[in-house]
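# Overview (structure and organization)
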Amino acid sequence: MTSPGPKHIALVAHDDRKGDLLEWAGYNRDVLTGHVLYATGTTGSVLESLGLKITKLLSGPLGGDQQIGALLASGRLDMLVFFWDPMSPQPHDSDVKALVRIAVVWNIPIACNRTSADYLITSPLLGAPHAAHPPLTSTLSLAGLRHQPWRVPQPAPSPGAAACRTPRAPAA
């Protein structure tokens, strides 16, 4: 169970979206002030102009995305606001995909645009305690089965299936 106190929120934006995040954070400055904020390097520098107290990590392509991912995986972040740019190729696209993936795996709410960020920041759940959920795992492992990607489970044949099969000719 997490406490109803300040949430730990990561703020990240690609270069073409930093202006959007700055505008959004400025509008929500009073709410954000009550939480513990983290940001990747350049994004953090931009957001400091709002007077927000931010723990700045490395720049995204230089390891900041991985630092945010480590905070997510270690249970030290409650929310990720990541304004990414789906229209521009990023030199660190694999890091971006990994960051979104780890947020989903660890059941961390993620906002990728202003609308979803608005919903998260204004949610009554933001100030309420909530149960931490376990990370997602394979549905096979949830069923108590060992995951064997080379072996696809086959459904049991129906009782009349044998009668419907065409017999094979013996190999010559």
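Our subject is the structure that appears above.
Below is a short write-up of the structure. (Residues numbered from 1 in each chain as written. Predicted model: local features only at pLDDT ≥ 70, side-chain atom pairs only at ≥ 80, totals over all residues. Heavy atoms only, no water.)

### Here we look at the pattern of salt bridges
One side chain can pair with another of opposite charge once the charged atoms of both are near each other. By the definition in use, this model includes 4 salt bridges. For the salt bridge of D15 with K18, the shortest nitrogen-to-oxygen distance reads 3.6 Å. For D15, a relative accessible area of 62% corresponds to the exposed category. Here K56 and E48 are joined by a salt bridge, their closest N and O atoms 3.5 Å apart. Note on E48: relative accessible area 36%, which makes it partly exposed. (Salt bridge = Lys/Arg side-chain N within 4 Å of Asp/Glu carboxyl O. Buried < 20%, exposed > 50% of the residue type's maximum accessible area, 1.4 Å probe, protein only.)

### Considering helix α4 (residues 64–73)
Of all the residues in α4, the buried ones are G64, D65, I68, G69, L71 and L72. All buried residues of α4 project into a common sector of 160 degrees when viewed along the axis, lining one side. Packed against the buried residues of α4 are β1 (8–13), β2 (36–39), β4 (79–83) and α5 (93–105). In the stretch just after α4, G75 is the one whose phi turns positive, near 80 degrees. (Helix = DSSP H or I, 4+ residues; strand = E, 2+ residues; numbered from the N terminus. Arc of directions from axis to C-beta. Contact = heavy atoms within 4.5 Å.)

### As for the packing of aromatic side chains
A full pass over the atoms with the stated rule returns 1 aromatic pair. On the basis of an interplanar angle of 55 degrees and a centroid distance of 6.2 Å, the ring pair of W24 and F83 is categorised as tilted. Residue W24 is located in helix α1 (residues 18–27), and its partner F83 is located in strand β4; the two are separated by 59 residues in the primary sequence. (Phe/Tyr/Trp six-rings, centres within 6.5 Å; stacked < 30°, edge-to-face > 60°.)

### A short note on the packing of α4 against α5
Orientation of α4 relative to α5, taken along the N-to-C sense of each, is 10 degrees, at an axis distance of 9 Å. As the angle between them shows, α4 and α5 are arranged roughly parallel. Between α4 and α5 lies a crossing of left-handed hand. Residues D65, Q66, I68, G69, L72 and A73 of α4 lie in contact with α5, whose contacting residues are D95, V96, L99, I102 and A103. Class assignment for the residues of the contact of α4 with α5 results in 7 nonpolar, 2 polar and 2 charged. (Axes fitted to C-alpha atoms, helices over the stretch in contact; angles between N-to-C directions. Parallel < 35°, antiparallel > 145°, perpendicular 65-115°, else oblique. Left-handed = near helix turned anticlockwise from the far one by under 90°. Nonpolar A, V, L, I, M, F, W, Y, C, P; charged D, E, K, R; others polar.)

### Overview of unusual backbone geometry
Of note in the backbone geometry, N107 takes a positive phi value of approximately 55 degrees without being a glycine. Topologically, N107 is positioned in the loop between α5 and β5 (110–111).

### Things to note about the sheet that holds strand β3 (residues 54–56)
Pairing is parallel across the open sheet formed by 5 strands, whose spatial order is β3-β2-β1-β4-β5. Looking at which strands have only one partner, the edges of the open sheet turn out to be β3 and β5. With 5 bridges connecting them, β1 and β4 associate as parallel partners. Across the sheet, V12 pairs through a bridge with F82, a residue of β4. Each of β4 and β5 touches α5; the most contacted strand, β4, lies at about 150 degrees to it. (Pairing = 2+ DSSP bridges.)

### Brief notes about the side chain of R17
Considering the arrangement of structural elements, one finds R17 in the loop between β1 and α1. Not counting the four nearest positions on each side in its chain, R17 is found in contact with F83, W84, D85, C112 and N113.

All we've got here are geometric facts, nothing functional implied.
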